[in-house]
Amino acid sequence: MVNSMMAFFYFFLHIGNIMVVISRSTLPNIETPIPPSTSQTLPNMETPFPPSTVQYLPNKETPFPPSTVQPLGVVTNATDSPTTTYVPPPCPKDFLGHSNSCYHAARVKATWPESAAYCDSFGATLAVIEDIQEQLYLAQMLKTLPNNAGNNAFWLGGHDILVEGEWQWAITLEKVQYMNWDSGQPNNNDNNEHCMAMTGSRGYKWEDKKCEDHNYFICETDHKTTMNTHIIFGRK
């Protein structure tokens, strides 16, 4: 009996040693590392993120490009320095512009006082000629009138009614500085010629005429004047 138990004990001991050997042979040891993983690892400090495709806002060192919007009231040229150009408003209907003035050659005959009143009713005056450029412009304007109307006499705003020989402009009472009198003019014929006219048949030079004579006339206004809307006669 004792011998049987001893034999059984040695049998189980032998079986236990075999199991231990088998289990040790199947487990990995520290000399067999775990194979590298196929998953992506996070980048470290030595592996920076790839450049971003997102556009960053400009900083102080990267200013925004200059605006292409022009400020109001400024006309610029093609250079970097803007320049301002004055553009006068348009002339009233039936008036033609030169420099800062607008002119209308009225082809209806009236006395000098009637002509002045007519121009005044439209916010204008009889024309005042202050330099050669204005003289040449008005002469050319009269030349282009239809039916050779420009060959007639046209009242201007000058007179010597107050003092004979002292010509002044009625609207300003200033002495006439620039003059374009025709040869032998003014002559104060019959001591009764005190009003100024530009006459086409005299080469658009000036002459003195009787103020009660009936002639065409030239009205002048500046660009700032607001004309009334009445019909302007003497356009044809």
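Because the structure is a prediction, the values reported are computed rather than measured.

Engineer: I'd like to hear about the nonpolar core, residue by residue, with values.
Structural biologist: Counting residues in hydrophobic clusters, the biggest one holds 24 residues, and the most contacted among them are L142, W206 and I218. Put simply, the parts of the chain that give this core at least two residues each are β2 (101-110), α3 (132-143), β4 (153-159), β6 (195-199) and β8 (215-222). Counting residues per element, this core draws most heavily on α3, at four residues. A106, C119, C195 and A197 belong to the second-largest nonpolar core, a separate cluster that totals 17 residues.

Engineer: How would you summarise the environment of W181 if you had to cite specific residues and measurements?
Structural biologist: By secondary structure assignment, the location of W181 is in the loop between β5 (168-169) and β6. On the accessibility criterion, W181 (16% relative accessible area) is buried. Spatially, the C-alpha atoms of W181 and W206 are 4.4 Å apart, while their sequence positions differ by 25 residues. Residues within four places of W181 in sequence aside, it is in contact with W167, P186, M196, K205, W206, E207 and D208.

Engineer: Before we move on, can you summarise the pattern of salt bridges with the specific residues and values?
Structural biologist: Under the counting rule described, the total for this entry stands at four salt bridges. Salt-bridge contacts for R202 lead to E207; the nearest nitrogen and oxygen are separated by 3.3 Å. Overall, R202 belongs to the partly exposed group, its relative accessible area being 29%. Between E207 and K209 there is a salt bridge whose closest N-O contact spans 4.0 Å. E207 gets classed as buried once you look at its relative accessible area, which sits at 8%. Judged by its relative accessible area of 17%, K209 is buried. Because the salt bridges share partners, they merge into one network encompassing D182, R202, E207 and K209.

Engineer: So what's going on with the side chain of N188? Residues and values would help.
Structural biologist: Tracing the sequence through the fold places N188 in the loop between β5 and β6. Of note is the side chain of N188, whose polar atom sits 3.1 Å from the backbone nitrogen of N192. Engagement of the side chain of N188 in a polar contact is seen with the backbone nitrogen of E193, the distance being 3.0 Å.

What counts, and at which threshold
Residues numbered from 1 in each chain as written. Predicted model: local features only at pLDDT ≥ 70, side-chain atom pairs only at ≥ 80, totals over all residues. Heavy atoms only, no water. Core = buried A, V, L, I, M, F, W, Y, C linked by side-chain atoms within 4.5 Å. Buried < 20%, exposed > 50% of the residue type's maximum accessible area, 1.4 Å probe, protein only. Helix = DSSP H or I, 4+ residues; strand = E, 2+ residues; numbered from the N terminus. Contact = heavy atoms within 4.5 Å. Salt bridge = Lys/Arg side-chain N within 4 Å of Asp/Glu carboxyl O. Polar contact = N/O pair within 3.5 Å; in protein donor to acceptor, adjacent residues only side chain to side chain.

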